[in-house]
Amino acid sequence: MNTRREFLKTTGQVAAYSFLFGHLYACKGAKVPTTIQLPADASFNMQFLRGGVGFFTERGGTIGWMASKDGMAVIDTQFPEQSQHLVDELMKIKKGKIDLLINTHHHGDHTAGNKVYRDLTDTILAHENSKKNQENSAKKRGNEADQVYPNETFETSIRKRVGNEVIDLKYYGAGHTNGDAITHFQNANIVHMGDLVFNRRFPYIDTGAGANIENWIKVLDQAKRNYDDETIFIWGHAADGYDIKGGKEDISAFQNYLEKLLEFGEKSMRAGVTLDELIKTTTTIPGAEEWTGKGIDRSLKAVYAEVGKE
Ligand SMILES: [Zn+2]
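Reference entry: report on the structure contained in this document. (Residues numbered from 1 in each chain as written. Predicted model: local features only at pLDDT ≥ 70, side-chain atom pairs only at ≥ 80, totals over all residues. Heavy atoms only, no water.)

Our focus in this paragraph is the coordination of the zinc ion. Taken together, the protein ligands of the zinc ion are His105 (NE2), His107 (ND1), His176 (NE2) and Asp195 (OD), with distances of 2.1 to 2.2 Å. Sequence spacing among the residues donating to the zinc ion works out to H-x1-H-x68-H-x18-D. In this structure His105 comes out as buried when scored by relative accessible area, which is 0%. On the basis of relative accessibility, which here comes to 8%, the residue His107 falls in the buried class. (Donors = N, O, S within 2.8 Å, 3.2 Å for Na, K, Ca; no water. Buried < 20%, exposed > 50% of the residue type's maximum accessible area, 1.4 Å probe, protein only.)

In structure tokens, the structure reads:
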């Protein structure tokens, strides 16, 4: 995509491109911008996907956003510096308040930038456990002064309207933590999965915040059932060279990782392998070798904690 953007920039077709698509959208009655001209020295990537909804990546969990003259919404905030970069770009599309900020869960690389929105939004929404986890984690780390917490929470589902878009949040139980929200932009048909999918990269499984591998697989079944084959899914994290967005086939592939991890954990524990031995001798999970990167120990520790309880 970078290459395409570069191409458009260098051939001076951005204006024509924007005009054409702006015009097409205008004909359909929705004035939704479709291109962003990033600063030449931008340290981040930011793109529209569809229907005024896009993504932002720089450092931390992928941010989702919606921006049109009718309304603005943001999902997750990375860190303050990154959030400021995003806000600067959003304000070029529409000056004023952000109608809705959502936290998919409490982890610092998704919420540390909340403070940038202190005066920019009236509503920060998250699952009720996400707020509790953020409070507990801040107490433990002694960084309570740095936190900006959600001021609205939900239990199983909630629906919000921003401009012409309907935004649905769902909670299906424990997965990556015990407070992961799945957000659906209905009209754009784009879903932000938070950290419920790590695309081809070893996941963080936050046992301390109620994560559960077995239930995580079921949560992903629900996501596949709820959304259709046209849905674009945004992932919290992806391995280098892999996309931060995708479709149901990527969700199935990650479910396979979790299933194989559970099997491997059960088998190893039954064979009397200690956790230390397991960590020393394992570089990939048998049957899910596509998953790589740093931090396989986090998967192994989590699976031993979970299997050991049974
Ligand atoms: Zn996370």
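Let's shift gears to the packing of aromatic side chains. Scanning the model with the defined rule gives nine aromatic pairs in all. Taking the centre distance of 5.2 Å and the plane angle of 25° together, the rings of Phe44 and Phe56 count as stacked. Separated by twelve residues along the polypeptide, Phe44 in the loop between helix H2 (14-27) and strand E1 (45-50) and Phe56 in strand E2 (residues 53-57) bring together distant segments of the chain. Summarising the burial analysis for this pair, Phe44 and Phe56 share the class buried. By way of ring pairs, the aromatic residues Phe202, Trp216, Phe254, Tyr257 and Trp291 are connected into one cluster. Its end group placed over the ring of Phe79, Arg59 keeps NZ or CZ at 3.9 Å from the ring centre. (Phe/Tyr/Trp six-rings, centres within 6.5 Å; stacked < 30°, edge-to-face > 60°. Helix = DSSP H or I, 4+ residues; strand = E, 2+ residues; numbered from the N terminus. Lys NZ or Arg CZ within 6 Å of the ring centre and 35° of its normal.)

To continue, consider the packing of helix H6 (residues 213-226) against helix H7 (residues 248-270). Taken N-terminus to C-terminus, the directions of H6 and H7 make an angle of 165°; their axes are 10 Å apart at the nearest point. Considering the angle they form, H6 stands roughly antiparallel to H7. As for the relative orientation of H6 and H7, their crossing is left-handed in sense. The residues of H7 that touch H6, namely those facing Ile213, Glu214, Trp216, Ile217, Leu220, Asp221 and Lys224, are Lys248, Ile251, Ser252, Phe254, Gln255, Leu258, Glu259, Leu261 and Leu262. (Axes fitted to C-alpha atoms, helices over the stretch in contact; angles between N-to-C directions. Parallel < 35°, antiparallel > 145°, perpendicular 65-115°, else oblique. Left-handed = near helix turned anticlockwise from the far one by under 90°. Contact = heavy atoms within 4.5 Å.)

With that out of the way, let us pick up the pairing of strand E9 (residues 165-170). Within E9, five of the six residues are buried, leaving the element largely enclosed by the surrounding structure. Here six bridges tie strand E8 (residues 157-162) to E9, and the two strands are oriented antiparallel to one another. Within E9, the position partnered with Arg159 by the bridge is Asp168. Between the end of E8 and the start of E9, which pair antiparallel, lie two residues, with Gly163 showing a positive phi angle near 55°. (Pairing = 2+ DSSP bridges.)

Note that every value here comes from positions in space, so none of it alone points to a role or purpose.
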